[in-house]
Amino acid sequence: QVQLVESGGGLVQPGGSLRLSCTASGRDFRVNAMGWYRQAPGKQRELVADITSGGSTSYADSVKGRFTISRDSAKNTVYLQMNSLKPEDTAVYFCNVDLDFFEGGWHDYWGQGTQVTVSS
């Protein structure tokens, strides 16, 4: 009954910007950590950025200074602002959300993925 929906991907020229969003819908849970991963063809999935419930952030070295992760806790939404995009940023981007359920237990959910293509 939990749904995780991503949006914001697309085709952009080098140096351009995109803003990804991911929203967790449902009930009886609290969103803990949220993160963004990406996977390019022929490569393994890698962590791009994450943000804790307290707002602490971390980034992969390859995106530091260019990407910003943020969250709107009231909307159970995580964002990834991507600036100064490079062709090597081309990948499918997935959000991952850790949900703590009020009745006990936790579960990680993955978004469906959104394609980001950086090309001239």
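Please refer to the structure higher up on the page.
Nothing here was measured: the structure is a model prediction, and the numbers come from that model.

**A few points about the overall build of the chain**
In terms of regular secondary structure, the chain is built from 0 helices and 11 strands. Each helix and strand of the chain, placed in order from N terminus to C terminus, yields the pattern β-β-β-β-β-β-β-β-β-β-β. For a compact globule of 120 residues, the expected C-alpha radius of gyration is about 14 Å, and the chain comes in at 14 Å, within 12% of that figure. Its C-alpha atoms put the chain at 50 × 25 × 25 Å along the principal axes. When each of the 120 residues of the chain is scored for burial, the buried share is 38%. Partitioning the contacts of the chain with sequence separation of at least 6, the portion at a separation of at least 24 is 55%. By element, 46% of the accessible surface of the chain is carried by carbon and sulfur atoms, the whole surface being about 6,400 Å². Positive and negative side-chain charges in the chain, numbering 11 and 12 respectively, have mean positions lying 6 Å apart.

**Remarks on the sheet that holds strand 1 (residues 3–7)**
Strands sit in the order 1-3-8-7 across an open sheet of 4 strands; the sheet is antiparallel. At either end of the open sheet lies a strand with only one pairing partner, and these are strand 1 and strand 7 (67–72). Direction aside, the axes of adjacent strands within the sheet are offset by 15 degrees on average. Sheet topology note: the strand 3 (residues 18–25)/strand 8 (residues 77–82) ladder contains 6 bridges and is antiparallel.

**Side note on the nonpolar core**
As a rule of thumb, soluble globular proteins bury nonpolar side chains together. In terms of nonpolar packing, the biggest core is built from 30 residues, with W36, V48, F67, V78, L80, M82 and Y93 touching the most fellow members. Among the secondary structure elements, those contributing two or more residues to this core are strand 3, strand 4 (29–39), strand 5 (46–51), strand 7, strand 8, strand 9 (91–101) and strand 11 (114–118). No other element matches strand 9, which puts 5 residues into this core. Contacts of Y93, omitting those with residues within four sequence positions, involve E6, L20, W36, Y37, R38, V48, F67, L80, M82, G113, T114 and V116.

**Examining the side chain of E6**
Structurally, E6 is set in strand 1. The side chain of E6 sits in the buried core without any salt bridge; R45 is the nearest counter-charge, 7.9 Å away. Within the local environment of E6, its side chain forms a polar contact with the backbone nitrogen of C95, the two atoms lying 2.7 Å apart. A distance of 3.4 Å separates the side chain of E6 from the backbone nitrogen of T114, its partner in a polar contact.

**Thoughts on the pairing of strand 8**
Within strand 8, 5 of the 6 residues are buried, leaving the element largely enclosed by the surrounding structure. Pairing geometry for strand 7 and strand 8, over 6 bridges, is antiparallel. Looking at strand 8, one finds that I69 is bridged to L80. Here strand 7 hands over to strand 8 after 4 residues, with N76 in that stretch at a positive phi of 50 degrees.

Basis of the calculations
Residues numbered from 1 in each chain as written. Predicted model: local features only at pLDDT ≥ 70, side-chain atom pairs only at ≥ 80, totals over all residues. Heavy atoms only, no water. Helix = DSSP H or I, 4+ residues; strand = E, 2+ residues; numbered from the N terminus. Rg over C-alpha atoms; globule rule 2.2 N^0.38 Å. Buried < 20%, exposed > 50% of the residue type's maximum accessible area, 1.4 Å probe, protein only. Contact = heavy atoms within 4.5 Å. Areas by Shrake-Rupley, 256 points an atom, 1.4 Å probe, with all protein chains shown as cover. Lys, Arg positive; Asp, Glu negative; His and termini not counted. Charge placed at Lys NZ, Arg CZ, Asp CG, Glu CD. Pairing = 2+ DSSP bridges. Axes fitted to C-alpha atoms, helices over the stretch in contact; angles between N-to-C directions. Core = buried A, V, L, I, M, F, W, Y, C linked by side-chain atoms within 4.5 Å. Salt bridge = Lys/Arg side-chain N within 4 Å of Asp/Glu carboxyl O. Polar contact = N/O pair within 3.5 Å; in protein donor to acceptor, adjacent residues only side chain to side chain.

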